[in-house]
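Residues per chain are reported as follows:
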Amino acid sequence: ALVISQVLLWVLVVGLGLAVLALARQVGVLYERVAPAGALAVNQSLKAGDKAPTLTVTTLDGKSIDLATATGRSRLLFFLAPDCPICKTLLPAVRSLARDEGRDTDIILASDGEPAVHRLFIDKEKLGGFDYVLSEALGRAFGVAKLPYAVLIDGKGVIVSFGIVNSREHLESLIEARDRGVASIQDYMNSDRGDRRLDTETKGAASGIL
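Residues numbered from 1 in each chain as written. Predicted model: local features only at pLDDT ≥ 70, side-chain atom pairs only at ≥ 80, totals over all residues. Heavy atoms only, no water.

On to the packing of aromatic side chains, then. The final tally for this structure, using the stated rule, is 2 aromatic pairs. Relative to F142, the ring of F79 has its centre 6.4 Å away and its plane inclined at 55°; by these criteria the two rings are tilted. Of this pair, F79 sits in strand β3 (residues 74–79) while F142 is found in the loop between α4 (136–141) and β6 (149–153), placing the two residues 63 residues apart along the sequence. Given a relative accessible area of 1%, F142 falls into the buried group. A connected cluster of aromatic rings, assembled from ring pairs, spans F79, F142 and Y149. (Phe/Tyr/Trp six-rings, centres within 6.5 Å; stacked < 30°, edge-to-face > 60°. Helix = DSSP H or I, 4+ residues; strand = E, 2+ residues; numbered from the N terminus. Buried < 20%, exposed > 50% of the residue type's maximum accessible area, 1.4 Å probe, protein only.)

What follows is the structure in structure tokens.
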């Protein structure tokens, strides 16, 4: 009887362990499927769907850019500063976006200050392949109060999405919002489409547990 009870006990322990592993796996699946929070839009003067401010800026290389002009290509303005630690950590994500979205999206780095300081920053971080603009007026036009900040303008010169971007997910959420035709990922998740998507995926994952 003692041997039988010990065998049954180990069977129960092994079964419980397998159940915990299966549950942990499904929690991981749910975590991956739930969309991360998008960029935080704090601008009170502009909104998605507005025409980009009529403003012409000049890059450090002397290239003139009219942000309101329809070019057929999207433009992602990434506002940064040489002394902004988070900005630096996002530079790999910016380079990755440039590679992945380069077929239809131009990335413009924007800041203000002394050109010499930014030229050193460009050399140090190997940013020579990007258009780099120094313009205080540009930051004011888009209501930039905190860094890093990003604005996505479509090929027609219309603001698609914008906000403070503290992570790679925030930055990529601007592109995701454009592709889904919404102002932000939060708007999508709060919409009927987002609710139906989340409900479907949650039910699918739950059925896997059962």
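Anyway, onward from the coordinates.
Right, let's talk about the nonpolar core for a bit. Within the largest apolar cluster, 27 residues are counted, with the highest numbers of intra-cluster contacts made by L76, F78, L80, L109, L127, Y132 and L171. Contributing elements (two or more residues each) for this core: β3, α2 (85–101), β4 (105–111), α3 (115–125), β5 (131–134), β6 and α5 (168–180). Looking at this core, the element that brings in the most residues is α2, giving 6 residues. Residues within four places of L80 in sequence aside, it is in contact with C87, L91, L109, A110, S111, F121, Y132 and L147. Grouped together as the second largest cluster of nonpolar side chains are 19 residues, L46, V133, L138 and I159 included. (Core = buried A, V, L, I, M, F, W, Y, C linked by side-chain atoms within 4.5 Å. Contact = heavy atoms within 4.5 Å.)

Note that every value here comes from positions in space, so none of it alone points to a role or purpose.
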